[in-house]
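# Fold and geometry: a report
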Amino acid sequence: MDMESMTNTMKAWMENPVKFARSHGVPLSSAPDESNPDEQTHILIVEGFLLYNYPPMLDVFDKSFYITIPYEECKRRRSTRQYTVPDPPGLFDGHVWPMYLKHRREMESSGLHIECLDGLRSKEEIYTQVYESIQNNLLNRL
């Protein structure tokens, strides 16, 4: 993972979202007033499991979310996945879960305000919670 490049890309987008989107061939959704791009609201959603463990990236986020899941459910879901090369025996307990806990502790000590989302809830419920949180954040800026 090239976290430095990802951070630079995010910062370039933040400087001018419209110019960035156009130069990268990303279509823009129509806005109420396209004659004044400075008045438009642009939202960039960044997803990744180690985003909050890379200090140079921490000052970029306005909102941060983290989906939590208990050990038993995580192990159950992992065991139902079909990989081209299957997990060797003991990988989950010997590496996957301990690394999850290590990176989660690092994330929690970062000082970043992170909203935890219950990974046992449905995708629709999680989407709604995130959507409402972002919407409230935007409304509170006005």
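Now for a quick tour of the structure. (Residues numbered from 1 in each chain as written. Predicted model: local features only at pLDDT ≥ 70, side-chain atom pairs only at ≥ 80, totals over all residues. Heavy atoms only, no water.)

### With respect to the pattern of salt bridges
Applying the stated rule across the entire model yields eight salt bridges. Residue R78 is joined to D87 by a salt bridge in which the shortest nitrogen-to-oxygen separation is 2.7 Å. Note that R104 and E108 form a salt bridge whose closest N and O atoms lie 3.0 Å from each other. Placement of the pair is R104 and E108 together in helix α4 (residues 91-108), with a separation of four residues, close to one helical turn. A residue is classified by how much of its surface remains accessible, and R104, at 21% relative accessible area, is partly exposed. What emerges from the salt-bridge pattern is a single network uniting E73, R76 and R77. (Salt bridge = Lys/Arg side-chain N within 4 Å of Asp/Glu carboxyl O. Helix = DSSP H or I, 4+ residues; strand = E, 2+ residues; numbered from the N terminus. Buried < 20%, exposed > 50% of the residue type's maximum accessible area, 1.4 Å probe, protein only.)

### Some words on helix α3 (residues 71-80)
When α3 is considered as a whole, its buried residues turn out to be E73, C74 and R78. With its buried residues spanning 130° around the axis, α3 presents them on a single face. When the buried face of α3 is taken as reference, the exposed residues oriented beyond 90 degrees from it are E72, S79 and T80. The elements touched by buried residues of α3 are α4. (Arc of directions from axis to C-beta. Contact = heavy atoms within 4.5 Å.)

### As for the environment of R77
Along the chain, R77 turns up in helix α3. Taking C-alpha positions, R77 is 16 Å from P98, a pair spaced 21 residues apart along the chain. If we ignore the near neighbours within four places in the chain, the residues touching R77 are I69, G119 and L120. Here the side chain of R77 touches G119 through a polar contact of 2.9 Å, landing on its backbone oxygen. (Polar contact = N/O pair within 3.5 Å; in protein donor to acceptor, adjacent residues only side chain to side chain.)

### Observations regarding the nonpolar core
Core analysis: the largest hydrophobic core is formed by 17 residues, its most contacted members being Y52, M57, F61 and Y66. Residue assignment for this core shows that the elements contributing at least two residues are α1 (3-15) and α4. The element best represented in this core is α4, accounting for five residues. In this structure Y66 touches Y52, Y100, R104, M107, I114, E115, C116 and L117, once residues within four positions along its chain are discounted. (Core = buried A, V, L, I, M, F, W, Y, C linked by side-chain atoms within 4.5 Å.)

### A few points about the state of the cysteines
By the definition in use, this model includes zero disulfides. Note on C74: no disulfide assigned, nearest cysteine sulfur contributed by C116 at a separation of 15 Å. (Disulfide = S-S within 2.5 Å.)

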